[in-house]
Amino acid sequence: YPGIPNRWDLVGPRGYVGLAWTDWVETTATHAVRMIEQTRRIGPRTSIEVTRSAFDAWNARMDRRARAYHVYVTKCSPPFRSYFVNSQGETLYYRPQTIFGSRWFARHSPVTDYQFQTVRGPEFAALGRETEALQTISTSPVCEKKAPIR
């Protein structure tokens, strides 16, 4: 979200569509790690944040793609209640993109959709630790051998 640096969401309206939970996590993690690696190339005290224009453009594109589904759920099937329609009559939880499209986006979305900032001074105390933790996670092995619990 704009205004919230180093924020990575796995779930949300107008987001990912997939076959299974593991596909969804892998696709989202691919995108997050790609952007975190970009912050590492810039420097250790770098934060990342999606731009307002990219955020608004994404949501507008997802809303356009969801129009047919919205009409079907709200106009063609009015007596049926569905959790896909919220209290404002919006169909936000339908993800109007293909699996291929979401995987492509995770690997090729424009880096220019993000702003990168070097964090200095007192702001680094909180934000810097979070950024360094994320950068460490992106390079850590997924599985470590642990001693058995006795």
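What this report covers is the structure whose coordinates are included nearby. (Residues numbered from 1 in each chain as written. Predicted model: local features only at pLDDT ≥ 70, side-chain atom pairs only at ≥ 80, totals over all residues. Heavy atoms only, no water.)

### Brief notes about the overall build of the chain
- Helices and strands together make up the secondary structure of the chain, namely five helices and two strands.
- Moving toward the C terminus, one meets the helices and strands of the chain in the order α-β-α-α-α-β-α.
- The buried share of the chain, reckoned over its 150 residues, is 32%.
- For the chain, the share of sequence-separated contacts (at least 6 apart) that also reach a separation of at least 24 residues comes to 78%.
- Total accessible area computed for the chain in this model is approximately 10400 Å², and 58% of it derives from carbon and sulfur atoms. (Helix = DSSP H or I, 4+ residues; strand = E, 2+ residues; numbered from the N terminus. Buried < 20%, exposed > 50% of the residue type's maximum accessible area, 1.4 Å probe, protein only. Contact = heavy atoms within 4.5 Å. Areas by Shrake-Rupley, 256 points an atom, 1.4 Å probe, with all protein chains shown as cover.)

### Looking at the nonpolar core
- Core analysis: the biggest nonpolar cluster contains five residues, these being Met35, Ile48, Val50, Ala54 and Tyr114.
- Residues contacting methionine 35, with those up to four places away along its chain left out, are Trp8, Ile48, Ser109, Val111, Tyr114 and Phe116. (Core = buried A, V, L, I, M, F, W, Y, C linked by side-chain atoms within 4.5 Å.)

### Here's the deal with the pattern of salt bridges
- This model, assessed by the stated rule, comprises one salt bridge.
- In this structure, aspartate 56 and arginine 52 form a salt bridge, with 3.2 Å as the shortest nitrogen-oxygen distance. Note that aspartate 56 and arginine 52 are positioned in helix H2 (residues 52-65) at a spacing of four residues, about one turn of the helix.
- By relative accessible area, which is 47% here, arginine 52 ends up partly exposed. (Salt bridge = Lys/Arg side-chain N within 4 Å of Asp/Glu carboxyl O.)

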